[in-house]
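These are the residues of each chain, in order.
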Amino acid sequence: MRLGSGTYKEIALDALKGNWVKAAVMGLFANWLGVFSSSFLFIAKYAFIAVILIYFLEFLPGFYPILFIGTTAIALIYFFIGGAVRLGYIDFNLALLDRRKNGIACLTGRMSDWWRVLCAKITLFFVLSLGYILFIIPGVVAKYSYAMVPYILEERKGFSTREAFRASKQIMKKHKWELFCLRLSFIGWDILGILTLGIGFIFINPYRYAAEAAFYNEISGRAEAYYGRKEDRY
């Protein structure tokens with residue numbers, strides 16, 4: 001049985017009751033640690049900050065070398081630790097759904113997996129690049145086929161990158177359109193976030209990622225393991 005975007009969002013809202021402030025704080029920390037560093041809004045935010053710095057501080061001696069070194073250092077930190085922190089953020093969202101104990105320690109709880117996650121990020125980059133070079137559609141299909149790789153890496157600590165990609169492709173076979181619709185359903189919220197100069201995203205992102213965690217819960221069969229559901233999801 002497919003639940004649909006509305007149901008996933010209802011599950012997320014239910015899990016967030018009484019946890020909005022904690023989820024917002026976790027989202028901010030995750031953002032600062034580079035979890036969303038590949039998103040357009042994240043890149044646009046840092047480009048805007050760079051423009052402001054250039055406008056007001058470019059007269060300072062050595063400004064451009066300092067700016068280059070600083071942005072390079074931040075990019076490298078995000079590249080190497082952002083993926084591992086994302087696993088922690090996924091764990092936090094799954095813990096919300098499970099009503100398990102969760103907190104800021106979740107974000108750094110998977111730092112020892114940084115190499116495994118880095119390999120997955122590099123692999124995904126080349127897979128998606130190849131798909132988009134061939135044509136747009138293969139790239140989009142690949143993006144959604146492997147969208148659950150981070151969730152699987154979080155759940156299956158013994159899985160290699162190859163096994164995580166294979167598992168994601170398997171569980172997403174009949175659910176790529178479902179995930180696309182779920183993500184698309186947040187476009188109105190995204191517009192609101194932009195209109196509020198990004199402030200709205202403090203609460204929109206926890207809602208978005210809790211809903212995506214609910215989606216993973218269902219298609220992976222994880223919800224049945226945790227809640228004893230008997231329905232046929234497929």
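Reading the values: the criteria
- Residues numbered from 1 in each chain as written.
- Predicted model: local features only at pLDDT ≥ 70, side-chain atom pairs only at ≥ 80, totals over all residues.
- Heavy atoms only, no water.
- pLDDT = per-residue confidence, 0-100.
- Helix = DSSP H or I, 4+ residues; strand = E, 2+ residues; numbered from the N terminus.
- Contact = heavy atoms within 4.5 Å.
- 1 Å grid on protein atoms, 1.4 Å probe; cavity = no way out; pocket = protein on both sides within 12 Å on 5 of 7 lines; lining within 4 Å.
- Points joined across faces, edges and corners; volume = space filled by probe spheres on them.
- Nonpolar A, V, L, I, M, F, W, Y, C, P; charged D, E, K, R; others polar.
- Core = buried A, V, L, I, M, F, W, Y, C linked by side-chain atoms within 4.5 Å.
- Buried < 20%, exposed > 50% of the residue type's maximum accessible area, 1.4 Å probe, protein only.
- Axes fitted to C-alpha atoms, helices over the stretch in contact; angles between N-to-C directions.
- Left-handed = near helix turned anticlockwise from the far one by under 90°.

(A) Representation of the confidence of the model for the protein chain in the model. Per-residue pLDDT for the protein chain has a mean of 85; in total, 91% of the residues score no lower than 70. Mean pLDDT across the elements of the protein chain ranges from a minimum in helix 13 (residues 222-227), with 68, to a maximum in helix 10 (residues 176-184), with 95. Note on residues 229-234: pLDDT is under 50 here. Beyond four places in sequence and across chains, it has 19 contacts.

(B) Fine view of the layout of surface pockets. Roughly 170 Å³ of internal volume is contained in the second largest pocket. Around the second largest pocket, the lining residues are Ile152, Glu155, Arg156, Phe159, Ala167, Ile171, Tyr216, Ser220, Gly221 and Arg222. Secondary structure elements with two or more residues in the lining of the second largest pocket: helix 8 (149-155) and helix 9 (161-171). When its residues are assigned to classes, the lining of the second largest pocket shows five nonpolar, two polar and three charged.

(C) Expanded view of the nonpolar core. The biggest cluster of nonpolar side chains holds 48 residues, and the ones touching the most others in it are Tyr89, Met148, Leu179 and Phe215. Sort the elements by how many residues they give to this core and helix 12 (residues 201-219) lands first, with nine residues.

(D) Spatial organisation of the packing of helix 1 (residues 5-16) against helix 12. Put simply, helix 1 and helix 12 touch, their axes get as near as 8 Å, and they point 115° apart. Of the two elements, helix 1 crosses helix 12, and the hand of that crossing is right-handed. On helix 12, the residues that touch Tyr8, Lys9, Ile11, Ala12, Leu13 and Leu16 of helix 1 are Pro206, Tyr207, Ala210, Ala211, Ala214, Phe215, Glu218 and Ile219. Classifying every residue of the contact of helix 1 with helix 12 gives 12 nonpolar, no polar and two charged.

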